[in-house]
Amino acid sequence: MEAGRPYSRLLLRLERFNALSAEDRRRIADLPLKVATCTADREVLSPGDLASRCTFVLDGFLYSHKLAAGSRRQITSFFVPGDIADLNTLYLPSVDYGITSLGSAVVAFVSHAALKEMLDRSPSLTRAFWRESLMQAAIWHEWVTNLGRRDALARIAHVLCELTLRLQLAGLAREQSFSMPCTQVDIADACGISSVHANRIIQELRQLHVVEWDSRRVRILDWLALARLGDFSGSYLQLKQPAPDRKQAPPSGQGVPEWI
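Conventions we followed
Starting from 1, residues in each chain are numbered consecutively following that chain's sequence as written. The model is predicted, so local features are restricted to residues of pLDDT at least 70 and side-chain atom pairs to those at 80 or more, both for listing and for counting; the totals for chains, interfaces and linings are taken over all residues. The side-chain quantities take in all heavy atoms of the structure and omit both hydrogens and water. What counts as a ring pair is set by centres within 6.5 Å for rings of Phe, Tyr and Trp (its six-membered ring), and what kind of pair is set by the plane angle: stacked under 30 degrees, edge-to-face over 60, tilted for all other angles. Between buried and exposed lies partly exposed: a residue is buried under 20% and exposed over 50% of the maximum accessible area for its type, with that area taken using a 1.4 Å probe on protein chains only. Each helix corresponds to a stretch of at least 4 residues labelled H or I by DSSP, and each strand to a stretch of at least 2 residues labelled E; elements are numbered beginning at the N terminus. Two strands qualify as a pair provided that DSSP identifies no fewer than 2 bridges between them. Simply put, an axis is a line fit to the C-alpha atoms, just over the touching stretch for a helix, and the angle between two N-to-C directions goes from 0 to 180 degrees. Under this scheme an angle from 65 to 115 degrees is roughly perpendicular, one under 35 degrees roughly parallel, and one over 145 degrees roughly antiparallel; angles in between are oblique. Contact definition: two residues touch when any of their heavy atoms are within 4.5 Å. Each residue is assigned to one of three groups, with Ala, Val, Leu, Ile, Met, Phe, Trp, Tyr, Cys and Pro labelled nonpolar, Asp, Glu, Lys and Arg labelled charged, and all others, Gly among them, labelled polar.

Caption draft 1: Structural detail: the packing of aromatic side chains. Scanning all chains against the criterion turns up three aromatic pairs. Judged by centre distance (6.1 Å) and plane angle (85°), the ring pair of Trp223 and Phe232 falls under edge-to-face. Trp223 sits in the buried class, given a relative accessible area of 0%. What makes Phe232 buried here is its relative accessible area of 11%. Centroid distance Phe232 to Tyr236: 6.1 Å. Interplanar angle 80°. Geometry classified as edge-to-face.

In structure tokens, the structure reads:
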């Protein structure tokens, strides 16, 4: 099956757990995907919606969020290419959160009916999608811990470590560098701090020569130092091997941890 097709990222993601049969790969390829380009800050899913489809991230980033005290945004997760942003709506279609594009993004929608029909025909794909749901739950659990028990410096460092590995596994963080249209306000809302505090933390990370960070690109200069600052272990991401025990994690494709 050709690389670059709308279904290719989904196949890559699902096969990080187990190889799929030719028949299951064909089932994925035959899904009636509707590809759409999202402009920056487009809400893909709104609180109160009754969802009838799932959203695959093909390019760019999405994030989930809720509002506290009426108007204060809390980002609850980032979604990178290959992720299914709203898989839980397959069986819990009523949502109390929103999903929005972070910068421009390309997504593919597939109806719940088509997904359910495919999963009813394939126990192995059902297991693969169930594992994907559990992986998202593990990430959410870690985010709760990050917000509740780490200080501001550790929170931001932890989010950077997680994004680096997740993007590396998607082939999008070569040599510990990646592009992400994330403002300091976005980082603040993901870490439960003010934008002023987020700015100070980012300046501190730069002064420590741990990261280079401009408005669009992040480069990790010292992986071990960043992981220590963020109290980060990749175990919740179900890696076959731990994060590399040296200053720089290996470039993508050279000893990069894989999904179990």
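Now, onward.
Caption draft 2: Focus on the pairing of strand β5 (residues 98–111). In terms of residue burial, β5 counts as a mostly covered element, since eleven of its 14 residues are buried. By the bridge criterion, five bridges tie strand β1 (residues 34–38) to β5 in an arrangement that is antiparallel. Across the sheet, Lys34 pairs through a bridge with Phe109, a residue of β5. Sheet topology note: the strand β2 (residues 43–45)/β5 ladder contains two bridges and is antiparallel. If you follow Glu43 over to β5, its bridge partner there is Thr100.

Caption draft 3: Here's a closer look at the packing of helix α3 (residues 112–121) against helix α4 (residues 123–149). Where α3 meets α4, the axes come as close as 5 Å, and the angle between the chain directions of the two elements is 120°. Taken together, the axes of α3 and α4 are oblique relative to one another. Contacts between α3 and α4 involve Leu115, Met118, Leu119 and Arg121 from the first element and Pro123, Leu125, Thr126 and Phe129 from the second. Taken together, the residues of the contact of α3 with α4 sort by class into six nonpolar, one polar and one charged.

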